[in-house]
Amino acid sequence: MKHTHPEDGPVRPNVLFVTVDQWPGNLLGCAGHPVIETPTLDHLASIGTRFSRAYAECPICIPARRSIMTGTSPRRHGDRVFQPSLRMPSDLPTLAATFGSNGYQTQAIGKLHVFPQRDRIGFDDVLLAEEGRGALGGTDDYEMFLADKGYAGQQFMHGMSNNEYSWRTWHLPEELHVTNWTTWAAARSIKRRDPTRPALWHVSYTPPHPPLIPLASYFERYRAREMDEPFVGAWAEDTEALPHPLKLTRDYWAKLPRAQLADMRRAFYALCTHIDHQIRILIGTLREEHILDNTVILITSDHGDMLGHHGFYAKRLMYEGSANVPMILVGTASDRRVGRAAVDTRLVGLQDVMPTLLSLCGLAIPGTCEGRSMVGDKRRDFLYAEALSGAKAMRMVHDGRHKLIWYPAGSHFQLFDLETDPQEMHDVFEDASYAEVVSALQQRLREELYGEDLLAIDGQEFPGVPVPSHDVEPNRGLSGQRGLHFPAPPLQDPSKVVGGV
């Protein structure tokens, strides 16, 4: 049944667009994970479509979010590194601005990770939870909320770092957790909407990105549970033989002993299940406001986390734990374009979010968008991904089954057959039976390279760039550890990267 307004005729769908931060694509019950509890996401997948081959074109926070918000690749939007003071390109219509120009009311709640921090990038309004980045010059709505509740500046008094893998349970009353605040603020926004216009709500949760500070009740549900252990391929066992960027990653995050690693994963899973349950409140609010049936729902992450797989942690890497992301799409009740209980194996990227949502709402897709709608028959043959530059660079070409990874420093290649080896345990780059696959993917890689990467190739050859000396810098700042935030920390250089490798 078509939803109508008595005066204006058919009403365009609302959109609930939810992002999480650093959530791996396989960390879902519906994806077959043996431990994680994600009943809400599993149910949404059962009434919609889960895209199992969804990737971040650059698995780093800021570049990934620029792809989401502009529908473009890192090459087009200008960041494959992590540039905290880089503004959104003025010549690229954003997701929010495009919906707004078509009559939508638009609200963002949670993390945007743009510069300046209070740049609304086209949203009518933004309520920010920026993980303690007030020193960059923006006012954080979540920290103002804590102050109003009598806990000014105490967000980080738990003592955990935003870029490390120590953990403890949340130190303040449960209702003050950033996940609860984000849900509460988003639900209030839904209830305060203009009923005469459709709405786009972008709800952006900051966990499970560290700091790992789950509610005690959610950690307890995993305490007695036997945890799945990280898998380690033979290619990852010899640290000295690893490509230069991987050595840097190994050195930066110390290997956790088995028991500590298991508890860290419990804490991470607890943060995920907490978000999963909170999403139910958003759905319940939409239902009680009588607009759920006319709302498109899309849930994804900016990138994943290795969580100890192959001896690595965090993001940036091109392996499945880091680059593959959840992608669940649910159409309106009357829209048959989105499959139901479907698993779609086409290659999709974060640049596809914007054109997908626009197309489902019957809106024109700006010509600047490089992504394509995930709904319909169109498929891409390859997906290109990239992260970092110089000796730290990592590049990837994926054909839907095979993944070729290139490290220009030392010109080190890897090839994984995800159909037979979904955990990437076996590097088959040197296997003669994959020679044609390697040749095809290398040719595609040449076509995608640009900028300084062109200095690392010579015609059909990949000489790469020299491997620099491997000097480990002391981590004096505890990976960007936050402290007491009242009074507010002094302003800092916004272009400075905090907590990076």
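What counts and how
- Residues numbered from 1 in each chain as written.
- Predicted model: local features only at pLDDT ≥ 70, side-chain atom pairs only at ≥ 80, totals over all residues.
- Heavy atoms only, no water.
- Helix = DSSP H or I, 4+ residues; strand = E, 2+ residues; numbered from the N terminus.
- Rg over C-alpha atoms; globule rule 2.2 N^0.38 Å.
- Buried < 20%, exposed > 50% of the residue type's maximum accessible area, 1.4 Å probe, protein only.
- Contact = heavy atoms within 4.5 Å.
- Areas by Shrake-Rupley, 256 points an atom, 1.4 Å probe, with all protein chains shown as cover.
- Phe/Tyr/Trp six-rings, centres within 6.5 Å; stacked < 30°, edge-to-face > 60°.
- Lys NZ or Arg CZ within 6 Å of the ring centre and 35° of its normal.
- Axes fitted to C-alpha atoms, helices over the stretch in contact; angles between N-to-C directions.
- Parallel < 35°, antiparallel > 145°, perpendicular 65-115°, else oblique.
- Expected span 1.5 Å × (residues − 1).
- Pairing = 2+ DSSP bridges.
- Salt bridge = Lys/Arg side-chain N within 4 Å of Asp/Glu carboxyl O.

Engineer: A description of the overall build of the protein should follow, citing residues and the corresponding values.
Structural biologist: The secondary structure content of the protein amounts to 12 helices and 16 strands. Relative to its length of 501 residues, the protein is compact, with a C-alpha radius of gyration of 22 Å against a globular reference of 23 Å. The C-alpha extent of the protein, read off along each of the three principal axes, is 65 × 50 × 45 Å. The burial tally for the protein puts 59% of its 501 residues in the buried class. Across the protein, contacts joining residues at least 24 apart in sequence account for 70% of those joining residues at least 6 apart. Counting only carbon and sulfur atoms, one obtains 50% of the accessible surface of the protein, whose full area is about 20,100 Å².

Engineer: Outline the packing of aromatic side chains, supporting the account with residue identities and numerical values.
Structural biologist: Taken as a whole and judged by the stated rule, the model has 19 aromatic pairs. Between phenylalanine 312 and tyrosine 319 the ring centres are 6.3 Å apart and the planes differ by 5°, which places this aromatic pair in the stacked class. Residue classification places phenylalanine 312 among the buried positions, given a relative accessible area of 0%. A relative accessible area of 0% means that tyrosine 319 is categorised as buried. One aromatic cluster is present, built from ring pairs that chain together Tyr142, Phe145, Trp181 and Trp184. Looking at arginine 80, its charged tip hangs above the ring of tyrosine 450, at a distance of 4.2 Å from the centre.

Engineer: Before we move on, could you go through the packing of helix α1 (residues 39–47) against helix α9 (residues 258–288) and cite the residues and values that matter?
Structural biologist: In the contact formed by α1 and α9, the axes pass within 7 Å of each other and the chain directions differ by 55°. Considering their axes alone, α1 and α9 lie oblique with respect to each other. Between α1 and α9, the contacting residues are Pro39, Thr40, Leu41 and Leu44 on the first element and Asp276, His277, Ile279, Arg280 and Ile283 on the second.

Engineer: Help me get a handle on helix α6 (residues 178–191), residues and values and all.
Structural biologist: Taking 1.5 Å as the rise per residue, α6 with 14 residues should run 20 Å; its terminal C-alpha atoms sit 20 Å apart, in good agreement. Burial runs high along α6: 11 of the 14 residues are buried. Within α6, the full set of buried residues consists of Val178, Thr179, Asn180, Trp181, Thr182, Thr183, Ala185, Ala186, Ala187, Ser189 and Ile190. For α6, the elements touching its buried residues are β6 (105–110), β7 (125–128), α5 (141–148), β8 (199–208) and α9.

Engineer: Describe unusual backbone geometry, naming the residues involved and giving the relevant values.
Structural biologist: Proline 207 connects to proline 208 through a cis peptide bond whose omega is 5°. With respect to the helices and strands, proline 208 occurs in strand β8. Unusually for a residue other than glycine, phenylalanine 82 sits at a positive phi of about 115°. Note on placement: phenylalanine 82 falls in the loop between α3 (74–77) and α4 (95–101).

Engineer: Now, about the sheet that holds strand β13 (residues 383–387): what can you tell me, with residues and values included?
Structural biologist: Read across the open sheet, the 4 strands follow the order β13-β14-β15-β16; overall the sheet is antiparallel. Because the sheet does not close on itself, it has two edges, and the strands there are β13 and β16 (412–417). The mean inter-strand angle of the sheet, taken between neighbouring strand axes irrespective of direction, is 15°. Alignment of β13 against strand β14 (residues 394–398), held across 5 bridges, turns out to be antiparallel. Its bridge partner lying in β14, alanine 385 is registered against methionine 396.

Engineer: Hey, could you go over the pairing of β13 for me, with residue numbers and the actual values?
Structural biologist: Within β13, 5 of the 5 residues are buried, which leaves it mostly tucked inside the rest of the structure. Alternating positions in β13 separate into two faces, Leu383, Ala385 and Ala387 on one and Tyr384 and Glu386 on the other, with burial throughout. Where β13 folds back on β14, the antiparallel hairpin that results is connected by 6 residues, among which leucine 388 adopts a positive phi of roughly 65°.

Engineer: Quick rundown of the sheet that holds β6? Include the residues and the values.
Structural biologist: Ordered in space as β7-β6-β8-β3-β9-β10-β4-β11, the 8 strands form an open sheet in which the pairing is mixed. Of all the strands in the sheet, the pair left with one neighbour each is β7 and β11 (342–344). Ignoring strand direction, the axes of neighbouring strands in this sheet form an average angle of 15°. Relative to β11, strand β4 (residues 49–51) runs parallel, the two being bridged by 3 bridges. Among the inter-strand pairings, threonine 49 is bridged to a residue of β11, identified as alanine 342.

Engineer: I'd love a proper account of the pattern of salt bridges, names of residues and values included.
Structural biologist: Here the structure, examined in full by the defined rule, presents 29 salt bridges. A salt bridge links glutamate 131 to arginine 133, with the shortest nitrogen-to-oxygen separation between them at 2.8 Å. You'll find glutamate 131 and arginine 133 in the same group, each marked buried. In this structure, glutamate 419 and arginine 401 form a salt bridge, with 3.5 Å as the shortest nitrogen-oxygen distance.

Remember, this is a structural readout, not a statement about activity or role.
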